[in-house]
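# Chains, contacts and geometry: an overview
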Amino acid sequence: MNKKTGFLLLALVTLSMGCAQYKMEIQEVVLPEPELYNLVLEKAAANEWDNVIATIDRYERLYVNGPNIQELRLKRADAHFNNSSRKSLILAKGEYQNFLALYPRYDKEDYIWLQIAKCSVKQMLPA
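Treat the numbers as computed from the prediction; the structure is a model and nothing was measured.

Analysis parameters
- Residues numbered from 1 in each chain as written.
- Predicted model: local features only at pLDDT ≥ 70, side-chain atom pairs only at ≥ 80, totals over all residues.
- Heavy atoms only, no water.
- Salt bridge = Lys/Arg side-chain N within 4 Å of Asp/Glu carboxyl O.
- Helix = DSSP H or I, 4+ residues; strand = E, 2+ residues; numbered from the N terminus.
- Buried < 20%, exposed > 50% of the residue type's maximum accessible area, 1.4 Å probe, protein only.
- Lys, Arg positive; Asp, Glu negative; His and termini not counted.
- Polar contact = N/O pair within 3.5 Å; in protein donor to acceptor, adjacent residues only side chain to side chain.
- Contact = heavy atoms within 4.5 Å.
- Core = buried A, V, L, I, M, F, W, Y, C linked by side-chain atoms within 4.5 Å.

### Here's the deal with the pattern of salt bridges
Note that side chains of opposite charge can pair when their charged atoms are close. Scanning all chains against the criterion turns up five salt bridges. Here E60 ties to R73 by a salt bridge, and the two come within 2.8 Å at their closest N and O atoms. With a gap of 13 residues between them, E60 in helix α3 (residues 49-62) and R73 in helix α4 (residues 69-83) connect regions that are remote in the sequence. A single burial state applies to E60 and to R73, both of which are buried. Residues participating in the shared-partner salt-bridge network are D57, E60, R73, R76 and E95.

In structure tokens:
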């Protein structure tokens with residue numbers, strides 16, 4: 001075995017050991033459902049809308065049939081609405097419409113239709 005091959009082999013072994021150790025240090029922490037729900041509420045109270053959306057997405061991936069999923073889907077639409085950028089208003093309108101499709105007999109349906117109308121009005125260009 002020549003020096004180049006030996007050096008390359010040593011570099012690959014060192015690199016793979018470093019990657020394995022790095023992978024062991026990174027752990028995906030899975031919060032229990034109530035803690036993750038409370039984290040969403042904390043982020044919403046602090047008006048951290050991007051964090052609210054990310055945390056709700058995480059909740060939805062982990063707890064698809066969780067007890068608070070309906071409420072959190074509506075909160076995600078509200079978070080998009082509160083971002084008030086043109087892109088987030090389009091996303092909010094889509095979220096509200098998807099919510100109505102998923103839950104057609106929701107008791108606060110009038111609120112959702114009002115939010116859809118507000119999204120449309122806020123997207124209008126000035127005269």
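After that view of the structure, there is still more to cover.
### Here we look at unusual backbone geometry
Residues other than glycine predominantly adopt negative phi, and peptide bonds predominantly adopt the trans conformation. Despite not being glycine, N47 has its phi angle at roughly 60°, a positive value. Among the structural elements, N47 can be located in the loop between α2 (33-45) and α3. Positive phi, normally seen in glycine, also occurs at S84, with a value near 60°. Position of S84 relative to the elements: it lies in the loop between α4 and α5 (86-102). Residue classification places S84 among the partly exposed residues on the basis of a relative accessible area of 43%.

### So, the side chain of D78
Tracing the chain through its elements places D78 in helix α4. Look at D78: it is buried, it has no salt bridge, and the nearest opposite charge is K75 at 6.2 Å. Of the polar contacts made by the side chain of D78, one reaches the side chain of Y111; its length is 2.8 Å. Once residues lying within four places of it in the same chain are set aside, the contact partners of D78 are Y96, Y111 and Q115.

### Topic: the nonpolar core
In terms of nonpolar packing, the biggest core is built from 26 residues, with V52, Y96 and I112 touching the most fellow members. Top element by residues in this core is α4. It accounts for six residues. Beyond its immediate sequence surroundings of up to four residues, I112 is in contact with L74, Y96, F99, L100 and Y106.

Spatial relationships are all this shows, so hold off on functional conclusions.
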